[in-house]
Amino acid sequence: MAARARYRRVMAKVSDLPPSLQARLAGRDLIVFDGECVLCSGFFRFITRVDRAERFHFAHAQSALGTDLFIALDLPTDDFQTNLIIVDGVIYTHLDSFAAAMRALGWPYRALGVVRILPGPLKTFLYNRIARNRYALFGRYDICMMPEPALMARFIDRGTEAA
């Protein structure tokens, strides 16, 4: 049962989080990503290129905020196998997080949100297969990827990477 719970998809609301976390999020849309994962960092770079309205803010999963969110959502903090994406107060994980981000970006990216209609077991299988093998397939940075200074203003808890 523990293995099944470890990879469950989470959909929660920011209003369900402890008040201290709600205050740190301050109503912002947020992408929490594994800063050591080449694939995850590539997703971050893609978002920064296409998010012309600068809707999204960011945090590394390894930051204090990222870790606190993973703990509050009962997700493992020893291996960040999912991005967390918050859009309009709803927290998405796994493939649903990708779909939510794409829908939030508008056209033409909104069309990629169609993955949300895949059957749950198929979404889970596909996501977990890639997530478990992401370092072998795409590589890993030795330290969290840090963006250029212009993007740092969009990071919440910048400079507080967890030890």
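Residues numbered from 1 in each chain as written. Predicted model: local features only at pLDDT ≥ 70, side-chain atom pairs only at ≥ 80, totals over all residues. Heavy atoms only, no water.

## Section: the confidence of the model for the protein chain
Interpreting fine coordinate detail is not advised for predicted regions of low pLDDT.
Phase 1: Confidence in the prediction of the protein chain, expressed as mean pLDDT, is 81, and 85% of residues score 70 or more.
Phase 2: Long-range and interchain partners of residues 1–9, a stretch whose pLDDT sits below 50, account for 16 contacts in this model, where long-range means more than four residues apart. (pLDDT = per-residue confidence, 0-100. Contact = heavy atoms within 4.5 Å.)

## Some points on the pattern of salt bridges
Phase 1: Enumeration over the complete set of coordinates arrives at five salt bridges.
Phase 2: A salt bridge links R24 to D68, with the nearest nitrogen and oxygen atoms 2.7 Å apart. In this pair, R24 is assigned in helix α2 (residues 19–25) and D68 in helix α4 (residues 64–72), connecting sequence segments 44 residues apart.
Phase 3: Assessed through its relative accessible area of 26%, R24 is described here as partly exposed. (Salt bridge = Lys/Arg side-chain N within 4 Å of Asp/Glu carboxyl O. Helix = DSSP H or I, 4+ residues; strand = E, 2+ residues; numbered from the N terminus. Buried < 20%, exposed > 50% of the residue type's maximum accessible area, 1.4 Å probe, protein only.)

## Considering the pairing of strand β2 (residues 29–33)
Two faces make up the sheet, and in a regular strand the side chains alternate between them.
Phase 1: Most of β2 sits out of view: five of its five residues are buried.
Phase 2: Neither face of β2 is open: one carries D29, I31 and F33, the other L30 and V32, and all of them are buried.
Phase 3: Judged from the five bridges that link them, β2 and strand β3 (residues 56–60) form a sheet pairing that is parallel. Bridge pairing in β3 places V32 opposite A59. (Pairing = 2+ DSSP bridges.)

## Here's the deal with the packing of helix α5 (residues 94–105) against helix α6 (residues 120–138)
Phase 1: Closest axis-to-axis distance for the α5/α6 pair is 8 Å, and the angle between their directions is 95°. Here α6 runs roughly perpendicular to α5, going by the angle between their axes. Residue-level contacts link H94, L95 and D96 of α5 to K123, Y127 and N128 of α6.
Phase 2: Residues belonging to the contact of α5 with α6 are distributed by class as follows: two nonpolar, two polar and two charged. (Axes fitted to C-alpha atoms, helices over the stretch in contact; angles between N-to-C directions. Parallel < 35°, antiparallel > 145°, perpendicular 65-115°, else oblique. Nonpolar A, V, L, I, M, F, W, Y, C, P; charged D, E, K, R; others polar.)

## Digging into the packing of aromatic side chains
Phase 1: Under the defined criterion, the tally for this structure stands at seven aromatic pairs.
Phase 2: Judged by centre distance (4.9 Å) and plane angle (10°), the rings of F33 and F44 are stacked. In this pair, F33 is assigned in strand β2 and F44 in helix α3 (residues 38–50), connecting sequence segments eleven residues apart. F44 shares its class with F33; the two are buried.
Phase 3: An aromatic cluster is defined as three or more aromatic residues linked by ring pairs; in this entry it consists of F33, F44, F58 and F155.
Phase 4: Just above the ring of Y92 sits the side chain of R103; from NZ or CZ to the centre is 6.0 Å. (Phe/Tyr/Trp six-rings, centres within 6.5 Å; stacked < 30°, edge-to-face > 60°. Lys NZ or Arg CZ within 6 Å of the ring centre and 35° of its normal.)

## Description of a nonpolar patch on the surface
Phase 1: The grouping of L39, I130, L137 and F138 at the surface amounts to a nonpolar patch, some 360 Å² of accessible area in total.
Phase 2: With three residues, the single largest contributor to the nonpolar patch is α6.
Phase 3: Relative to the assigned elements, F138 resides in helix α6. (Patch = residues over 30% accessible without salt bridge, like charges linked within 9 Å, V, L, I, M, F, W, Y side chains within 5 Å. Areas by Shrake-Rupley, 256 points an atom, 1.4 Å probe, with all protein chains shown as cover.)

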